[in-house]
Amino acid sequence: FTGAAREGRQGSFLTAHGGTIFLDEVSEMPLSLQARFLRVLQEKEIVPLGSDDVIPVDVRVLAATNRNMQELIAAGKFRRDLYYRLAVLQLSVPNLNERKEDIPVLVKHFLYQRSNDLHLPCPEITDEALQYLQTLDYSGNIRQLQNITERMLVLQSDVGPISLDLAQSVT
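All values derive from a computational prediction rather than experimental measurement. (Residues numbered from 1 in each chain as written. Predicted model: local features only at pLDDT ≥ 70, side-chain atom pairs only at ≥ 80, totals over all residues. Heavy atoms only, no water.)

Chemist: Tell me about the environment of isoleucine 162, and please be specific about residues and values.
Modeler: Within the secondary structure layout, isoleucine 162 lies in the loop between α7 (141-155) and α8 (164-170). For the pair isoleucine 162 and alanine 75, spaced 87 residues apart in the sequence, the C-alpha separation amounts to 47 Å. The residues touching isoleucine 162, leaving out its near neighbours within four places in the chain, are Leu111, Pro123, Glu124, Ile125, Thr126, Ala129, Met152, Leu153 and Gln156. (Helix = DSSP H or I, 4+ residues; strand = E, 2+ residues; numbered from the N terminus. Contact = heavy atoms within 4.5 Å.)

Rendered as structure tokens:
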């Protein structure tokens with residue numbers, strides 16, 4: 001299997017024992033794996049690949065998806081019993097198009113973060129550029145805004161603030 005190491009290594013659940021495991025895009029999990037995952041959650045034990053040993057695990061699970069789980073259940077693509085096992089507490093995070101007022105704070109954060117990563121001075125951004133960014137459609141959600149922000153940062157040619165012209169040219 002991909003990622004195999006002769007000396008072996010701990011799986012994710014064993015590594016997370018006593019803590020929390022985060023499963024991103026849980027809706028994309030194949031049905032065959034869902035059955036095994038449900039068993040881990042119900043029995044609180046795992047059997048490592050290639051082993052007959054049963055190992056107890058104490059793991060808190062956080063799962064995320066951007067898909068409509070009820071539709072997936074109705075289509076037979078996600079197990080209802082697994083959904084109810086995972087859906088103890090549900091948090092809905094609105095997409096970026098529904099919270100455009102967050103864009104200025106996010107842009108400034110991404111500029112600061114990425115300029116530090118690239119060892120560049122962190123530029124300011126004009127209010128006009130921020131207002132323009134708030135008018136865009138973000139079908140790619142926050143990753144799209146993050147990429148736009150990085151493009152503005154690396155294409156910034158002077159030491160002044162990021163301008164409306166630059167913001168328009170990278171979108």
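Chemist: Got a sec to walk through the nonpolar core? Specific residues and values, please.
Modeler: Val107, Ile125, Leu133, Tyr138, Leu145 and Met152 are the most contacted members of the largest nonpolar core, which has 21 residues in total. Counting only elements with at least two residues in this core, the list comes to α5 (103-117), α6 (127-133), α7 and α8. Per element, the largest residue contribution to this core is five residues, and it comes from α5. If we ignore the near neighbours within four places in the chain, the residues touching leucine 133 are Ile103, Val107, Ile125, Tyr138, Ile148, Met152, Ala167 and Thr171. (Core = buried A, V, L, I, M, F, W, Y, C linked by side-chain atoms within 4.5 Å. Buried < 20%, exposed > 50% of the residue type's maximum accessible area, 1.4 Å probe, protein only.)

Chemist: Lay out the confidence of the model for the chain in plain terms, naming residues and giving numbers.
Modeler: One rule of thumb: low pLDDT means the predicted coordinates there are not for detailed reading. Within the chain, residue pLDDT values average 91, and 95% of them lie at 70 or more. In the model of the chain, helix α1 (residues 12-15) stands out as the element of lowest mean pLDDT, 89, in contrast to α6, which has the highest, 98. (pLDDT = per-residue confidence, 0-100.)

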